[in-house]
Amino acid sequence: DTGVSQDPRHKITKRGQNVTFRCDPISEHNRLYWYRQTLGQGPEFLTYFQNEAQLEKSRLLSDRFSAERPKGSFSTLEIQRTEQGDSAMYLCASSSQSWLVNTGELFFGEGSRLTVL
Amino acid sequence: QKEVEQDPGPLSVPEGAIVSLNCTYSNSAFQYFMWYRQYSRKGPELLMYTYSSGNKEDGRFTAQVDKSSKYISLFIRDSQPSDSATYLCARGPDNYGQNFVFGPGTRLSVLP
């Protein structure tokens, strides 16, 4: 399967613990996005990478959140000192930048569902 | 005002009906618009994208953008139970940033 893969698919943790999610994008894609989605809402942008450079971060990304894409391939999203409000689906997506413009073909993974007790 | 808004539904229709899903957007500078379909507990998948105004057709699906009223529509002809999902409209990257902004989604149920 050459789609976007995310791990783990589901994480249950206690408030105050740290969690880390991993995303493996489609191999030839140079752009990688992280989104958060809560029940009944659309995905909310968190951050985006072009290759290894983190180019945009949302105001939603508090100091407890950090994302990396060290070699321009896979990415990790870490949440420190989790709070109940962090419970959500964390979606990773990738796309290929064309020299013209991004045509909107974001390919999403299945998501990592976080439950904070 | 949110950048992209849509009626969350739920919307229930009988099989074979024509479905009309709608979004509005806030900034007339936006040019790229997409429709994504999301099944329960799955990631969104791209259905169609359009640029600027006009219609785009793909099989049973037609996407329409009316820039004068800042209105985006998705029409589904001969709807099937397998079309039951949440439909998300989104606007694409622009001069303000490279992120994609999604609406809250409309939940559609097609009843057999």
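Described in the following lines is the structure provided in the data block. Since we're looking at a predicted model, the values are computed, not measured.

### A closer look at the interface of chain A and chain B
For step 1, the next point in the chain: Listed by partner, the interface residues are 23 residues for chain A and 20 residues for chain B.
For step 2, the next point in the chain: Summed over both sides, the interface between chain A and chain B buries roughly 1,800 Å², with carbon and sulfur atoms accounting for 54% of that surface.
For step 3, the next point in the chain: If you look at where chain A meets chain B, you find zero salt bridges.
For step 4, the next point in the chain: The interface formed by chain A and chain B includes four residue pairs in polar contact (both at pLDDT 80 or more).
For step 5, the next point in the chain: Put simply, the parts of the chain that give the side of chain A that touches chain B at least two residues each are β4 (31–37) and β5 (44–50) of chain A.

### A short note on the pairing of β5(A)
All names here are of chain A.
For step 1, the next point in the chain: Counting buried positions over the seven residues of β5 gives five, a clear majority of the element.
For step 2, the next point in the chain: Pairing of β4 with β5, which is carried by six bridges, proceeds in the antiparallel orientation. Paired with Arg31 across the bridge in β5 is Gln50.
For step 3, the next point in the chain: Hairpin connection between β4 and β5: a loop of six residues separates the two successive antiparallel strands, and Gly40 in this loop has a positive phi of roughly 80°.
For step 4, the next point in the chain: Pairing geometry for β5 and strand β6 (residues 53–57), over four bridges, is antiparallel. Residue pairing for β6: Gln50 is matched across the bridge by Ala53.

Parameters at a glance
Residues numbered from 1 in each chain as written. Chains lettered and ligands numbered in written order. Predicted model: local features only at pLDDT ≥ 70, side-chain atom pairs only at ≥ 80, totals over all residues. Heavy atoms only, no water. Contact = heavy atoms within 4.5 Å. Buried area = accessible area lost by both parts, 1.4 Å probe. Salt bridge = Lys/Arg side-chain N within 4 Å of Asp/Glu carboxyl O. Polar contact = N/O pair within 3.5 Å; in protein donor to acceptor, adjacent residues only side chain to side chain. Helix = DSSP H or I, 4+ residues; strand = E, 2+ residues; numbered from the N terminus. Buried < 20%, exposed > 50% of the residue type's maximum accessible area, 1.4 Å probe, protein only. Pairing = 2+ DSSP bridges.

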